[in-house]
Amino acid sequence: MSTTRTALPAASAARHAARSGLIQITVTGVLWGTTGVAVQLLREGTGLSPVSIGFHRLAIAALVLLACTAGRLRTMLATLRAAPVPLLLTGVGLGLYQALYFAAVAWAGVSVATIVSLGLAPVLAAAWESVQVRRLPGRLRLGTLVAAVAGLVLITSATESPGAAAPAPLLGLLAAAGSGLGYAVTTLISRQVSQHTAPMTLTTISTVVGALTLAPFALVAGVGLPLRPDTVALLLHLGVVTTAVAYALFYAGLRTTPGSVAAVLTLLEPLTAAALAVALLHEPLPLPVIVGGVLLLTAVAATYLAADRAEPR
């Protein structure tokens, strides 16, 4: 009887931790979804390239996080020395898959870049997890994955500009595939690292390394910008909200959330971006976006339902 009484609180705590992880990843996807509007406004107001904006975004996040964790720099350096390879890979991956995504957008258009990079990540993560456990995903997991990717395709295809140029579609497709592979691999690596590294420490190290990775590309493209209040506000939003806060939540959620599930939940990013484009930029709301949004939200709801039904180990 005592064993049963002990197991019940443990099971309840495990369910609570799993639910908290799902919520943290979901909030991350929504925060990432605000990036598109901010980047569009910055490009229109400053002429900065997407790669340069990505560098500013990571650099601001790194500076803010370093300031917030100044008293723990020795601890972070000790953490880095203890596991340098996975931590450095997480940061380099963070910078590279963003650079590849930006290149895919420039060469093949937003639609191809988003569908291939974001759609490939959960599929690759789920495949790798299945190989590790030597078991195919359950029907609910497969259905969730299919619904989420289908929703992504509908939303992204409907919001692409009809006249969008694709100067190098093959190169863009390869860059998008590389971005999706990088995102999947980085997510799986960072999930392992997050099991024994504090979220703030992991976020700080990864953003510093990511900013250094993007720096050469940004310097070639140009990093100068006018220091106007609106420009500073948008950059702070990108650096603090969509990077420092969002990635801290993402890494915290990965402690209890499988990488494939996290990749599905972060597909809320294009749905949030489409909703903001309708609300703030007064863009039309096509039927495919509505259908895709319903599919994505259904996939998210199914993910939460599966977590509630799962028995903690």
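To start, this report covers the structure provided alongside it. For clarity, every value in this text was computed on a predicted model and none was experimentally measured.

**Concerning the overall build of the protein**
From N to C terminus, the protein includes 13 helices and zero strands. Traced from its N-terminal end to its C-terminal end, the protein shows the element sequence α-α-α-α-α-α-α-α-α-α-α-α-α. Taken over the C-alpha trace, the protein has a radius of gyration of 20 Å; the compact-globule value for 313 residues is 20 Å, and the two agree within 12%. When the backbone C-alpha atoms are referred to their principal axes, the protein occupies close to 70 × 50 × 35 Å. Every one of the 313 residues in the protein was classed for burial, and the buried ones make up 45%. In the protein, of all internal contacts separated by at least 6 residues, the share reaching a separation of at least 24 is 91%. Here the protein displays about 15,000 Å² of accessible surface, and carbon together with sulfur accounts for 71% of that area. Each charge class in the protein can be summarised by its mean position, and for the 17 positive and 8 negative side chains these summaries are 17 Å apart.

**Things to note about the environment of Leu 77**
Here Leu 77 lies in helix 4 (residues 73-82). Assessed through its relative accessible area of 46%, Leu 77 is described here as partly exposed. Along the backbone, Leu 77 and Ile 205 are 128 residues apart, and their C-alpha atoms lie at a distance of 9.1 Å.

**Describing the nonpolar core**
Of all hydrophobic cores here, the largest spans 49 residues; its most connected members are Tyr 183, Tyr 247, Phe 250 and Leu 265. Element by element, the count of residues in this core is highest for helix 9 (residues 199-221), at seven residues. Those residues in contact with Phe 250 that sit more than four places away from it in its chain are Ile 25, Thr 28, Trp 32, Tyr 183, Thr 187, Ala 262 and Thr 266. Judged by nonpolar contacts, the second largest core, of nine residues, contains Val 39, Leu 48, Ile 53 and Ile 60.

**Quick look at helix 2 (residues 35-46)**
The end-to-end C-alpha distance of helix 2 is 16 Å, a good match for the 16 Å that twelve residues give at a rise of 1.5 Å each. For helix 2, the set of buried residues is Thr 35, Val 37, Ala 38, Val 39, Leu 42 and Thr 46. Looking one or two places after helix 2, you find Gly 47, whose phi comes out positive at around 80°.

**Things to note about the packing of aromatic side chains**
Taken as a whole, this structure holds six aromatic pairs when the rule is applied. Relative to Phe 250, the ring of Tyr 247 has its centre 6.2 Å away and its plane inclined at 90°; by these criteria the two rings are edge-to-face. With Tyr 247 and Phe 250 both in helix 10 (residues 229-253) and three residues apart, this pair spans about one turn of that helix. Taking the relative accessible area as the measure of exposure, Phe 250 reaches 2% and is therefore buried. Between the aromatic rings of Tyr 247 and Tyr 251, the centroid separation amounts to 5.9 Å while the plane-to-plane angle is 40°, which identifies the pairing as tilted.

**What to know about the packing of helix 2 against helix 3 (residues 50-68)**
Packing of helix 2 against helix 3 leaves a shortest axis separation of 11 Å and a crossing angle of 115°. Viewed along their axes, helix 2 and helix 3 form a crossing whose handedness is right-handed. In this structure, helix 2 uses Thr 35, Val 39, Leu 42 and Arg 43 to contact helix 3, whose residues at the interface are Pro 50, Ile 53 and Arg 57. Here the contact of helix 2 with helix 3 is composed, by residue class, of four nonpolar, one polar and two charged.

**Regarding the pattern of salt bridges**
If you walk through the whole model with that rule in mind, you get one salt bridge. Between Arg 228 and Asp 230 there is a salt bridge, and its shortest N-O distance comes to 3.3 Å. On the basis of relative accessibility, which here comes to 31%, the residue Arg 228 falls in the partly exposed class.

**Points about unusual backbone geometry**
Even without glycine at this site, Arg 134 takes up a positive phi of about 55°. Here Arg 134 is to be found in the loop between helix 6 (110-133) and helix 7 (139-159).

**Structural notes on the environment of Pro 286**
With respect to the element layout, Pro 286 can be found in the loop between helix 12 (268-280) and helix 13 (287-309). Assessed through its relative accessible area of 26%, Pro 286 is described here as partly exposed. Counting along the chain gives 131 residues from Pro 286 to Ile 155, while the straight-line C-alpha distance between them is 8.9 Å.

**Concerning the side chain of Thr 186**
Tracing the backbone shows Thr 186 in helix 8 (residues 169-194). Note on Thr 186: relative accessible area 8%, which makes it buried. When sequence neighbours within four positions are dropped, the list of residues in contact with Thr 186 reads Thr 90, Gly 93, Leu 94 and Tyr 97.

Procedures and definitions
- Residues numbered from 1 in each chain as written.
- Predicted model: local features only at pLDDT ≥ 70, side-chain atom pairs only at ≥ 80, totals over all residues.
- Heavy atoms only, no water.
- Helix = DSSP H or I, 4+ residues; strand = E, 2+ residues; numbered from the N terminus.
- Rg over C-alpha atoms; globule rule 2.2 N^0.38 Å.
- Buried < 20%, exposed > 50% of the residue type's maximum accessible area, 1.4 Å probe, protein only.
- Contact = heavy atoms within 4.5 Å.
- Areas by Shrake-Rupley, 256 points an atom, 1.4 Å probe, with all protein chains shown as cover.
- Lys, Arg positive; Asp, Glu negative; His and termini not counted.
- Charge placed at Lys NZ, Arg CZ, Asp CG, Glu CD.
- Core = buried A, V, L, I, M, F, W, Y, C linked by side-chain atoms within 4.5 Å.
- Expected span 1.5 Å × (residues − 1).
- Phe/Tyr/Trp six-rings, centres within 6.5 Å; stacked < 30°, edge-to-face > 60°.
- Axes fitted to C-alpha atoms, helices over the stretch in contact; angles between N-to-C directions.
- Left-handed = near helix turned anticlockwise from the far one by under 90°.
- Nonpolar A, V, L, I, M, F, W, Y, C, P; charged D, E, K, R; others polar.
- Salt bridge = Lys/Arg side-chain N within 4 Å of Asp/Glu carboxyl O.

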